[in-house]
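Residue strings, one per chain:
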Amino acid sequence: DGFKIYGAPNQPEFCGWAFNYVRESQEAKDIWSKIPTGLDVLITHSPPYKILDTVHNRYGLLGDYREGCPILKKYVTLRKPKFHLFGHLHDGFGEVNRKHTTFINAAYCGHPYDAFHEPVYFEIT
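Everything numeric here is computed off the predicted structure, so don't read it as measured data. (Residues numbered from 1 in each chain as written. Predicted model: local features only at pLDDT ≥ 70, side-chain atom pairs only at ≥ 80, totals over all residues. Heavy atoms only, no water.)

## A look at the overall build of the protein
- Helix and strand counts for the protein stand at two helices and nine strands.
- Tracing the protein from N to C terminus, the helices and strands come up as β-β-β-α-β-β-β-α-β-β-β.
- Taken over the C-alpha trace, the protein has a radius of gyration of 14 Å; the compact-globule value for 125 residues is 14 Å, and the two agree within 12%.
- Once the C-alpha set of the protein is aligned to its principal axes, its extents read approximately 45 × 35 × 25 Å.
- Relative to its full complement of 125 residues, the protein shows a buried share of 40%.
- The long-range fraction of contacts in the protein, counting pairs at least 24 apart against all pairs at least 6 apart in sequence, stands at 55%.
- Of the roughly 7,500 Å² of accessible surface on the protein, a fraction of 55% belongs to carbon and sulfur atoms.
- Charge centroids of the protein, computed over 14 positive and 14 negative side chains, lie 11 Å from each other. (Helix = DSSP H or I, 4+ residues; strand = E, 2+ residues; numbered from the N terminus. Rg over C-alpha atoms; globule rule 2.2 N^0.38 Å. Buried < 20%, exposed > 50% of the residue type's maximum accessible area, 1.4 Å probe, protein only. Contact = heavy atoms within 4.5 Å. Areas by Shrake-Rupley, 256 points an atom, 1.4 Å probe, with all protein chains shown as cover. Lys, Arg positive; Asp, Glu negative; His and termini not counted. Charge placed at Lys NZ, Arg CZ, Asp CG, Glu CD.)

Take a look at the structure:
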(Lines give C-alpha, C1' and ligand atoms only; values in the text may rest on other atoms or scores of the structure.)
Protein backbone atom coordinates (compact mmCIF):
# COMPACT_ATOMS: atom_id res chain seq x y z
CA ASP A 1 0.00 0.00 0.00
CA GLY A 2 2.98 2.29 -0.39
CA PHE A 3 4.08 2.31 3.24
CA LYS A 4 7.80 2.58 3.92
CA ILE A 5 8.95 0.09 6.59
CA TYR A 6 12.48 -0.70 7.80
CA GLY A 7 13.58 -3.25 10.39
CA ALA A 8 16.75 -4.31 12.17
CA PRO A 9 17.23 -7.14 14.72
CA ASN A 10 20.23 -5.61 16.52
CA GLN A 11 20.47 -4.92 20.25
CA PRO A 12 23.07 -3.78 22.76
CA GLU A 13 25.01 -6.73 24.24
CA PHE A 14 22.65 -9.04 26.08
CA CYS A 15 23.46 -12.55 27.36
CA GLY A 16 25.53 -13.46 24.29
CA TRP A 17 22.42 -13.56 22.09
CA ALA A 18 22.47 -13.00 18.33
CA PHE A 19 22.76 -9.57 16.70
CA ASN A 20 24.51 -8.01 19.72
CA TYR A 21 26.73 -4.96 19.53
CA VAL A 22 28.68 -2.95 22.08
CA ARG A 23 26.61 -0.02 23.35
CA GLU A 24 27.84 3.40 22.15
CA SER A 25 30.37 1.86 19.75
CA GLN A 26 31.28 2.59 16.15
CA GLU A 27 29.49 -0.63 15.25
CA ALA A 28 26.28 0.76 16.81
CA LYS A 29 26.67 3.96 14.78
CA ASP A 30 27.22 1.92 11.60
CA ILE A 31 24.07 -0.13 12.27
CA TRP A 32 21.71 2.72 13.17
CA SER A 33 22.99 5.23 10.62
CA LYS A 34 21.40 2.96 7.97
CA ILE A 35 17.89 3.88 9.13
CA PRO A 36 16.38 5.67 6.12
CA THR A 37 14.41 8.90 6.24
CA GLY A 38 10.73 9.13 5.35
CA LEU A 39 9.71 5.94 7.19
CA ASP A 40 6.19 5.11 8.18
CA VAL A 41 7.36 2.31 10.49
CA LEU A 42 10.73 1.46 12.04
CA ILE A 43 10.91 -1.97 13.69
CA THR A 44 13.85 -2.79 15.96
CA HIS A 45 14.37 -5.49 18.54
CA SER A 46 15.36 -3.14 21.33
CA PRO A 47 14.21 0.36 22.32
CA PRO A 48 15.96 3.70 22.21
CA TYR A 49 17.38 5.06 25.46
CA LYS A 50 14.84 6.50 27.93
CA ILE A 51 11.84 5.54 25.80
CA LEU A 52 9.90 2.59 27.23
CA ASP A 53 13.21 0.97 28.18
CA THR A 54 12.93 0.63 31.96
CA VAL A 55 14.01 -2.64 33.56
CA HIS A 56 12.64 -3.25 37.03
CA ASN A 57 15.17 -4.60 39.50
CA ARG A 58 13.63 -7.68 41.01
CA TYR A 59 16.50 -8.49 43.36
CA GLY A 60 16.44 -5.40 45.57
CA LEU A 61 20.12 -4.57 45.12
CA LEU A 62 19.69 -1.60 42.82
CA GLY A 63 16.82 0.53 41.64
CA ASP A 64 15.17 0.32 38.24
CA TYR A 65 17.46 1.11 35.34
CA ARG A 66 17.42 1.95 31.61
CA GLU A 67 18.67 -0.44 28.94
CA GLY A 68 17.76 1.32 25.68
CA CYS A 69 20.39 2.41 23.18
CA PRO A 70 21.50 6.08 23.09
CA ILE A 71 22.77 5.79 19.52
CA LEU A 72 19.50 4.28 18.33
CA LYS A 73 17.72 7.21 20.02
CA LYS A 74 19.94 9.67 18.17
CA TYR A 75 19.12 8.19 14.76
CA VAL A 76 15.40 7.78 15.47
CA THR A 77 15.34 11.46 16.48
CA LEU A 78 17.11 12.41 13.24
CA ARG A 79 15.06 10.18 10.90
CA LYS A 80 11.64 10.81 12.52
CA PRO A 81 9.67 7.66 11.59
CA LYS A 82 5.92 7.93 12.20
CA PHE A 83 6.03 4.77 14.35
CA HIS A 84 8.89 2.97 16.09
CA LEU A 85 7.99 -0.55 17.20
CA PHE A 86 10.19 -2.68 19.46
CA GLY A 87 10.11 -5.10 22.38
CA HIS A 88 13.05 -6.81 24.10
CA LEU A 89 12.60 -5.01 27.44
CA HIS A 90 9.33 -6.44 28.67
CA ASP A 91 8.93 -4.06 31.62
CA GLY A 92 8.69 -1.11 29.22
CA PHE A 93 5.50 -2.35 27.56
CA GLY A 94 3.32 0.52 26.37
CA GLU A 95 3.04 3.45 24.01
CA VAL A 96 4.27 7.03 24.13
CA ASN A 97 3.81 9.83 21.61
CA ARG A 98 6.61 12.27 21.00
CA LYS A 99 6.76 15.22 18.61
CA HIS A 100 7.30 13.24 15.37
CA THR A 101 7.08 9.59 16.41
CA THR A 102 4.77 7.21 18.25
CA PHE A 103 6.89 4.68 20.16
CA ILE A 104 5.39 1.29 20.91
CA ASN A 105 7.02 -1.32 23.13
CA ALA A 106 4.95 -4.35 22.11
CA ALA A 107 6.75 -6.91 24.29
CA TYR A 108 4.24 -9.72 24.63
CA CYS A 109 5.83 -11.50 27.56
CA GLY A 110 6.06 -10.50 31.18
CA HIS A 111 8.78 -11.71 33.49
CA PRO A 112 9.99 -14.40 33.19
CA TYR A 113 8.81 -15.01 29.61
CA ASP A 114 5.20 -15.81 30.39
CA ALA A 115 2.45 -14.58 28.04
CA PHE A 116 1.33 -11.45 29.82
CA HIS A 117 0.20 -8.64 27.51
CA GLU A 118 -2.46 -8.58 24.84
CA PRO A 119 -1.26 -8.10 21.25
CA VAL A 120 -0.72 -4.49 20.22
CA TYR A 121 -2.63 -3.02 17.30
CA PHE A 122 -2.01 0.31 15.61
CA GLU A 123 -3.12 2.03 12.44
CA ILE A 124 -0.95 3.86 9.94
CA THR A 125 -2.77 6.81 8.44
